[in-house]
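The lines below spell out each chain.
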Amino acid sequence: MLIQYKCPSCGADMAFDSDSGTLACDSCGRQENIAEFPNDNIVNEFSEDEAQEYECENCGAVVITDQDTTATSCSFCGSAVVLADRLSGKLAPGKVIPFKISKDEARTAFKKWCKNGRLTPAGFMTADRIKNITGMYIPFWIYDLNTRVKVEARGKKVRTYTRGDYIYTETKHYDVYRDIDLYHTRVPADASAKMNDEIMDKLEPYHYQDLKEFNPPYLAGYLAEKYNYDEKELYPRVETKISPFVRSYVNSTISGYSSVEGRNDQIQNKKLNSTYVLFPVWMVYYDFERQEHTFAMNGQTGKVVGKPPVSKQKAAIWFGGIAASSFVVMKLASFLIGGVLW
């Protein structure tokens, strides 16, 4: 089913506006509360199968999508459409964080970010070769988990002291036990096969106070993907993701010993809850020196992730300066120790 939201005033297509949090009409400027949008102005077209072609209700052109797309726009008239049959049943998100940063704000923030690179080429820092900026809702699963950790080890404390003419070494041995309950709330993992997991992880954190109950109008005017991996398939990655935090916390509870030996950790994770959510991401495509560079921006916080090109000249000057500084420091240290400067 293809959904379009028609303006009650002029009949033009409406899209979600990140500044006001409403459905907005570019033609006449009217804004509508999402929860109160009149059903009479929602245009639906039903399709029995999950076809890759939909006919745009606005201009009659065929909207081409792949099987993972849940929101898109018409390539001919630009109408924002939501493919509702891909957002129903098990495919329906439970929550969504709406875009807080508009396209113009994303462009401005990206240009500012480009200027902060110490080793990026001067031509890249001008940020005047932005090819496209696309707003996308990326599918995530967020998990609540419980981790139970039991630790057995042997700790040793060694103390050396002097009494009279004798030096004493005192060694004490301890049995170390830990029984720890940890709770993890809303740990995210992206569920899209198209997105790079490392880049999606670096876009965190998202602020969960902005989570809304999912409503299709939030997707109007943006691209959106449905998940490729369900909560069971992603769960091992979430366990791997929390592992460093678990071990860091457990290690912080075992301190004050000269050494710890024979340590045995038993770690058991249990999934308490999982929710399918959509998070906002701006994808920025930048042409530089005949190559396209792709960057991602958190559509809620403005955080930018990506690897800008490196200027060989700037890098040579930068590392040359570090080497020269290190040389001077070593010579000064040599002078202070031996009295010889060169």
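A quick note: this is a predicted structure, and the numbers were derived from the prediction, not measured.

**Student:** Would you explain the pattern of salt bridges in this entry?
**Tutor:** Side-chain pairs of opposite charge can arise whenever the charged atoms involved come near each other. Applying the stated criterion to the full structure yields 14 salt bridges. Measuring nitrogen to oxygen at the nearest pair gives 2.6 Å for the salt bridge that ties R30 to E32. Taking the relative accessible area as the measure of exposure, R30 reaches 32% and is therefore partly exposed. Judged by relative accessible area, E32 falls into the buried class, the value being 11%. Residues joined by salt bridges that share partners form a network here, namely D190, D197, D201, E204, R237 and K241.

**Student:** Quick question: what am I supposed to make of the pairing of strand 3 (residues 22-25) here?
**Tutor:** Where a strand is regular, its side chains alternate between the two sheet faces. Of the pairings in the sheet, the one linking strand 2 (residues 14-17) to strand 3 comprises four bridges and is antiparallel in character. Residue M14 lies in a different strand from strand 3, and its bridge partner there is C25. A loop of four residues connects strand 2 with strand 3, the two strands running antiparallel in sequence, and G21 in this loop sits at a positive phi of about 70 degrees. Direction of pairing for strand 3 relative to strand 4 (residues 31-32): antiparallel, over a ladder of two bridges. The residue bridging L23 from the neighbouring strand is E32, located in strand 4. Between the end of strand 3 and the start of strand 4, which pair antiparallel, lie five residues, with G29 showing a positive phi angle near 85 degrees.

**Student:** Quick question: what am I supposed to make of the nonpolar core here?
**Tutor:** One recurring pattern in soluble globular proteins is that nonpolar side chains are buried together. Formed by 54 residues in total, the largest nonpolar core has its most connected members in F110, Y137 and W282. Here this core gets nine residues from one element, more than from any other, and that element is strand 11 (residues 130-163). Listed in part, the 17 residues of the second largest apolar core include I138, L203, V281 and M283.

**Student:** Could you clarify how one ought to interpret the environment of C28 in this entry?
**Tutor:** Among the secondary structure elements, C28 is positioned in the loop between strand 3 and strand 4. Residue classification places C28 among the partly exposed positions, given a relative accessible area of 41%. As a C-alpha pair, C28 and C7 span 21 residues in sequence and 8.6 Å in three-dimensional space. Dropping the residues within four chain positions of it, C28 is found in contact with C7, S9 and C10.

**Student:** Any chance you could explain the sheet that holds strand 2 here in plain terms?
**Tutor:** Sheet strands associate in pairs through backbone hydrogen bonding, adopting either a parallel or an antiparallel arrangement. Taking strand neighbours across the sheet as the criterion, the three strands line up as 2-3-4 in an open arrangement whose pairing is antiparallel. Of all strands in the sheet, those with a lone pairing partner are strand 2 and strand 4, marking the two edges.

**Student:** Even after reading the chapter, I still don't get the packing of aromatic side chains, so can you show me in this structure?
**Tutor:** What describes a pair of aromatic rings is the distance from one ring centre to the other and the angle between the planes of the rings. Counting across every chain of the model gives 23 aromatic pairs. Between Y222 and W282 the ring centres are 6.0 Å apart and the planes differ by 65 degrees, which places this aromatic pair in the edge-to-face class. Note that Y222 is positioned in the loop between strand 13 (212-213) and strand 14 (223-225) and W282 in strand 15 (residues 259-288), a separation of 60 residues in sequence. Its relative accessible area of 8% is what places Y222 among the buried residues. Aromatic pair Y227 and Y276: ring centres 4.8 Å apart, planes at 90 degrees, arrangement edge-to-face. On the criterion of sequence distance, the pair formed by Y227 in the loop between strand 14 and helix 4 (231-253) and Y276 in strand 15 is long-range, its members being 49 residues apart.

**Student:** It is not clear to me how the pairing of strand 16 (residues 291-298) should be interpreted in this structure. Could you clarify?
**Tutor:** Sheet topology note: the strand 15/strand 16 ladder contains eight bridges and is antiparallel. Its bridge partner being in strand 16, V281 is matched across the sheet by N298. Counted along the chain from strand 16 to the antiparallel partner strand 17 (residues 304-305), the turn is five residues long, and its residue G302 has a positive phi close to 90 degrees.

**Student:** Honestly, the state of the cysteines in this entry has me stumped. Any pointers?
**Tutor:** Disulfide: a covalent bond formed between the sulfur atoms of two cysteine residues. Under the criterion given, the structure shown has zero disulfides. Here C7 stays free of any disulfide, with the sulfur of C28 as its closest cysteine sulfur at 3.5 Å. Free cysteine C10: the closest other cysteine sulfur is in C25, separated by 3.5 Å. You can call C10 partly exposed: its relative accessible area is 41%.

**Student:** Is there a simple way to explain the environment of V158 in this structure?
**Tutor:** Mapped onto the fold, V158 is located in strand 11. For V158, a relative accessible area of 42% gives the class partly exposed. Through-space distance from the C-alpha of V158 to that of H173 is 9.0 Å; in sequence the pair is 15 residues apart. The contact partners of V158, leaving out residues within four places of it in the chain, are T169, E170, T171 and S258.

About the criteria used
Residues numbered from 1 in each chain as written. Predicted model: local features only at pLDDT ≥ 70, side-chain atom pairs only at ≥ 80, totals over all residues. Heavy atoms only, no water. Salt bridge = Lys/Arg side-chain N within 4 Å of Asp/Glu carboxyl O. Buried < 20%, exposed > 50% of the residue type's maximum accessible area, 1.4 Å probe, protein only. Pairing = 2+ DSSP bridges. Helix = DSSP H or I, 4+ residues; strand = E, 2+ residues; numbered from the N terminus. Core = buried A, V, L, I, M, F, W, Y, C linked by side-chain atoms within 4.5 Å. Contact = heavy atoms within 4.5 Å. Phe/Tyr/Trp six-rings, centres within 6.5 Å; stacked < 30°, edge-to-face > 60°. Disulfide = S-S within 2.5 Å.

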